[in-house]
Amino acid sequence: MTELEPHERRLCPVDDLPEGKSRGFAFGARSDDSVFVIRKGESIYVYENFCPHNGTSMSWIQNSYLTGDGSKVECYLHGARFNIEDGVCVVGPCEGDKLHVVPHRIVDGTLVISTKKL
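Residues numbered from 1 in each chain as written. Predicted model: local features only at pLDDT ≥ 70, side-chain atom pairs only at ≥ 80, totals over all residues. Heavy atoms only, no water.

Draft legend 1. How the structure looks around the overall build of the protein chain. Each helix and strand in the protein chain was counted, giving zero helices and nine strands. Counting from the amino terminus, helix and strand elements in the protein chain follow one another as β-β-β-β-β-β-β-β-β. Taking 13 Å as the expected radius of gyration for a compact globule of 118 residues, we find that the protein chain reaches 14 Å, a close match to that expectation. C-alpha extents for the protein chain along the principal axes are approximately 45 × 30 × 25 Å. In the protein chain, which comprises 118 residues, the proportion classed as buried is 39%. In the protein chain, the proportion of contacts linking residues at least 24 apart, taken out of those at least 6 apart, comes to 44%. (Helix = DSSP H or I, 4+ residues; strand = E, 2+ residues; numbered from the N terminus. Rg over C-alpha atoms; globule rule 2.2 N^0.38 Å. Buried < 20%, exposed > 50% of the residue type's maximum accessible area, 1.4 Å probe, protein only. Contact = heavy atoms within 4.5 Å.)

Take a look at the structure:
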């Protein structure tokens, strides 16, 4: 198994991430999800789990970060919608703001994130 940098953390095997769905991960002192992951085709997107509008968690149901049709990330509190690919808010009170991207890579078939800024 490949060694990780001290600031990296393994989240899950890539095969455990369902296509077109989102999944949250909690770690550290936080009891709610710290990050969430979206798999769209061959691409994987990882964001910190807080809305840039007011800092609240993005979901109120576990692993529910997307709109009903799965086309956008949605904040449950005030309905802000964000592009999956770049995290930019396109609808809502924080329009133009961005979700915080979490650097990540695939190591031995496992999604690994950087925890440097978390």
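Draft legend 2. Looking closely at the pattern of salt bridges. Considering all chains together, one arrives at three salt bridges under this definition. Here arginine 105 and glutamate 8 are joined by a salt bridge, their closest N and O atoms 2.7 Å apart. Of this pair, arginine 105 sits in strand S8 (residues 104-107) while glutamate 8 sits in strand S1 (residues 8-13), and the two are 97 residues apart along the sequence. You can call glutamate 8 buried: its relative accessible area is 16%. As a salt-bridge pair, arginine 81 and glutamate 74 come within 3.2 Å of each other at their nearest N and O atoms. (Salt bridge = Lys/Arg side-chain N within 4 Å of Asp/Glu carboxyl O.)

Draft legend 3. Quick peek at the sheet that holds strand S5 (residues 72-74). If you trace the three strands from one edge of the open sheet to the other, you get S5-S6-S7, paired in antiparallel fashion. The open sheet has two edge strands with one neighbour each: S5 and strand S7 (89-91). For this sheet, the mean inter-axis angle between neighbouring strands, taken without regard to orientation, is 40°. Bridge analysis of S5 against strand S6 (residues 81-83) gives three bridges, and the strand direction is antiparallel. The residue bridging lysine 72 from the neighbouring strand is asparagine 83, located in S6. (Pairing = 2+ DSSP bridges. Axes fitted to C-alpha atoms, helices over the stretch in contact; angles between N-to-C directions.)

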